[in-house]
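Reading the structure
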Amino acid sequence: MVNFTARFATDAERENWDSHVTANPAGGNVLQSASFAEVKSHHGWKPLFLVLRSEGYSSYNLVLEKSFPALGRLWYLIKGPAVETADQMPAAVDAIRDFIARSKLPVFAVKIEPDIEDTPEARDIFRGAGLQKTFDLQPNDHTAILDTTAEPNQLLRNLHSRGRNAVRRAIREGVEVHRVEPTEENFRIMYGLMSHIEDRSSARLRSFEYYSRFWNNFVKAGQGRLYFVYEDGEASVGAFVLNYGTKGTYKDGGSKPGRSQYGDSHLLQWTAINDLRTEHGIVEYDFCGTPPSDRLKDPSHPHHGLGLFKTSFTKTVTDFIGCYDAVISPRKYRLWNIVGERVARQIYWRRHHQPFY
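Now for a description of the structure that goes with this document. (Residues numbered from 1 in each chain as written. Predicted model: local features only at pLDDT ≥ 70, side-chain atom pairs only at ≥ 80, totals over all residues. Heavy atoms only, no water.)

This part takes up the side chain of threonine 134. The residue threonine 134 is located in the loop between strand E6 (132-133) and strand E7 (142-147) in this model. Beyond its immediate chain neighbours, meaning those up to four positions away, threonine 134 contacts Lys111, Cys323, Tyr324 and Asp325. (Helix = DSSP H or I, 4+ residues; strand = E, 2+ residues; numbered from the N terminus. Contact = heavy atoms within 4.5 Å.)

Pairing in this open sheet of 7 strands is mixed, and the strands run E8-E9-E10-E11-E12-E7-E13 from one edge to the other. Each edge of the sheet is formed by a strand with only one pairing partner; in this case those strands are strand E8 (177-180) and strand E13 (317-319). When the angles between neighbouring strand axes are averaged without regard to direction, this sheet yields 30°. Across 3 bridges, the pairing between E7 and strand E12 (residues 284-286) is antiparallel. Bridging from a neighbouring strand, leucine 146 pairs with tyrosine 285 of E12. (Pairing = 2+ DSSP bridges. Axes fitted to C-alpha atoms, helices over the stretch in contact; angles between N-to-C directions.)

As a further point, take the packing of aromatic side chains. Each aromatic ring pair is specified by the distance between its two centres and by the angle formed by the two planes. The full count for this structure, using the stated rule, is 29 aromatic pairs. With centroids separated by 6.0 Å and ring planes inclined at 85°, the aromatic side chains of tyrosine 76 and tyrosine 357 adopt a geometry described as edge-to-face. Placement of the pair is tyrosine 76 in strand E4 (residues 72-77) and tyrosine 357 in the segment after helix H12 (330-352), with a sequence separation of 281 residues. The exposure class assigned to tyrosine 76 is buried, which follows from its relative accessible area of 0%. With relative accessibility at 8%, the residue tyrosine 357 sits in the buried group. Measuring from ring centre to ring centre gives 4.8 Å for phenylalanine 356 and tyrosine 357, while their planes differ by 90°; the resulting arrangement is edge-to-face. Taken together, the ring pairs connect Trp45, Phe68, Tyr76, Phe108, Phe135, Trp336, Tyr348, Phe356 and Tyr357 into an aromatic cluster. Against the face of tyrosine 324 rests lysine 133, its NZ or CZ located 5.3 Å from the ring centre. (Phe/Tyr/Trp six-rings, centres within 6.5 Å; stacked < 30°, edge-to-face > 60°. Buried < 20%, exposed > 50% of the residue type's maximum accessible area, 1.4 Å probe, protein only. Lys NZ or Arg CZ within 6 Å of the ring centre and 35° of its normal.)

Summed over all chains, the structure comprises 20 salt bridges. With a shortest N-O distance of 2.7 Å, aspartate 136 and lysine 133 are connected by a salt bridge. Ionic pairing is found between glutamate 279 and arginine 225, a salt bridge with its closest N-O pair at 2.8 Å. In this pair, glutamate 279 is assigned in helix H10 (residues 264-280) and arginine 225 in strand E9 (residues 224-231), connecting sequence segments 54 residues apart. For glutamate 279, a relative accessible area of 44% puts it in the partly exposed group. Note on arginine 225: relative accessible area 4%, which makes it buried. (Salt bridge = Lys/Arg side-chain N within 4 Å of Asp/Glu carboxyl O.)

A few words now on the side chain of arginine 164. Tracing the backbone shows arginine 164 in helix H7 (residues 161-172). Leave out the neighbours within four places in its chain, and arginine 164 touches Leu156, Arg157, Leu159 and Ser312.

Burial along strand E14 (residues 324-327) is two-sided: Tyr324 and Ala326 and Asp325 and Val327, pointing in opposite directions, are all buried. Here strand E5 (residues 107-112) runs beside E14; their pairing, made up of 4 bridges, is antiparallel. Bridging from a neighbouring strand, alanine 109 pairs with valine 327 of E14. With 2 bridges joining them, E6 and E14 adopt antiparallel strand pairing. Following the sheet pairing, lysine 133 is matched in E14 by tyrosine 324.

Another point: the nonpolar core. Within the largest apolar cluster, 46 residues are counted, with the highest numbers of intra-cluster contacts made by Phe36, Phe68, Phe214, Trp215 and Trp336. Ignoring any residue separated from it by four or fewer positions in sequence, one finds phenylalanine 214 in contact with Phe36, Val39, Phe240, Leu242 and Lys251. The next biggest cluster of nonpolar side chains, apart from the first, holds 30 residues, and it includes Ala6, Ile100, Leu105 and Val110. (Core = buried A, V, L, I, M, F, W, Y, C linked by side-chain atoms within 4.5 Å.)

Spatial ordering of the open sheet is given by E1-E2-E3-E4-E5-E14-E6, a layout of 7 strands whose pairing is mixed. With one partner strand each, in any of the chains shown, strand E1 (5-8) and E6 form the two edges of the open sheet. Where E1 lies against strand E2 (residues 46-53), 4 bridges are found, and the strand directions are antiparallel. Across the sheet, residue alanine 6 finds its bridge partner in E2, namely leucine 52. In this fold helix H4 (residues 89-102) packs onto E1, E2, E4, E5 and E14, with an angle of close to 50° to the strand it touches most, E1.

What follows covers unusual backbone geometry. In this chain, glycine 80 is followed by proline 81 through a cis amide linkage whose omega measures 0°. Here proline 81 lies in the loop between E4 and H4. Residues other than glycine seldom take positive phi values, yet alanine 26 does so here, at roughly 65°. In this fold, alanine 26 is placed in the loop between helix H2 (17-21) and helix H3 (34-40).

We now examine H4. With 14 residues, H4 extends 20 Å between its outermost C-alpha atoms, agreeing within 8% with the 20 Å of an ideal straight helix rising 1.5 Å per residue. For H4, the complete set of buried residues consists of Met89, Ala91, Ala92, Val93, Ala95, Ile96, Phe99 and Ile100. Looking at the buried positions of H4, the neighbouring elements they touch are E1, E2, E4, E5, helix H5 (120-128) and E14. Backbone geometry just downstream of H4 places lysine 104 in the positive-phi region, at approximately 55°. (Expected span 1.5 Å × (residues − 1).)

Okay, structure coming up:
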């Protein structure tokens, strides 16, 4: 069995945080990045940087911390901890528990969210480790991921026929995709396009300030870019995409309803994928959120339409195991579950009109 020890990252490790995270098992996750940590530091969370060490590898994990009166601190290991297999998770969680106890940190619970696929075996392992299943938080806990390792012609042939035909038709009909400058004007245009999607789905937009900071951070880090398609002289489709290590991600998207250019959104994604392959050597592209694999054909699911679009590139939907809580203080955790979390989320919404997590 593998054993882990846990500690906070050194200053030198924090200065090179992204290079460490992208060396994690499975290539790391963009939501553990330095750029994202800085965004969350302005929205109610204190970023901490946790290192798990085993004999075989080190795992670098972003911890988001919030403090609550009478309860203490909640840790949220967003998309972590990063381990190689599900059966290593109990040892990783034990190391975190031990570190909290040795350091005398007033943490009452640790919320974990690893990129481990959801299987009956993984669920049994998590339950056996005393982890409590809770509601999922991130849109890509269920997601379509495209393998981008094939050369371009073969990659196009590998797409689902709906996506492939849409890309080819858009090219034939002269649709043009533009990579645009990351200016505030273009960011506001992008935010406006996203509001149209909100009108047609259950999505809830965060503030423009949140997205602007996010986009600027990743652009400055060389990890983000913005694309538009124009119709009648105005941006009609937009997408902000990320490169992080060997992974690409379709982070944010928006479009105007009633457009006349067929396949414009598909061609934008196809252009972004090939740009990231050429410039950054990505080996996969995460479309960042679909319904669960067993509800893809359910029209009542709030993300049904988005799922149809994203699975027009790849039929494969990955279901990750989602969020579990490691209880540190059972009494305080009971209070958190009974009333604490509900009250904290209500107060945060009234003050900021933004999601708590």
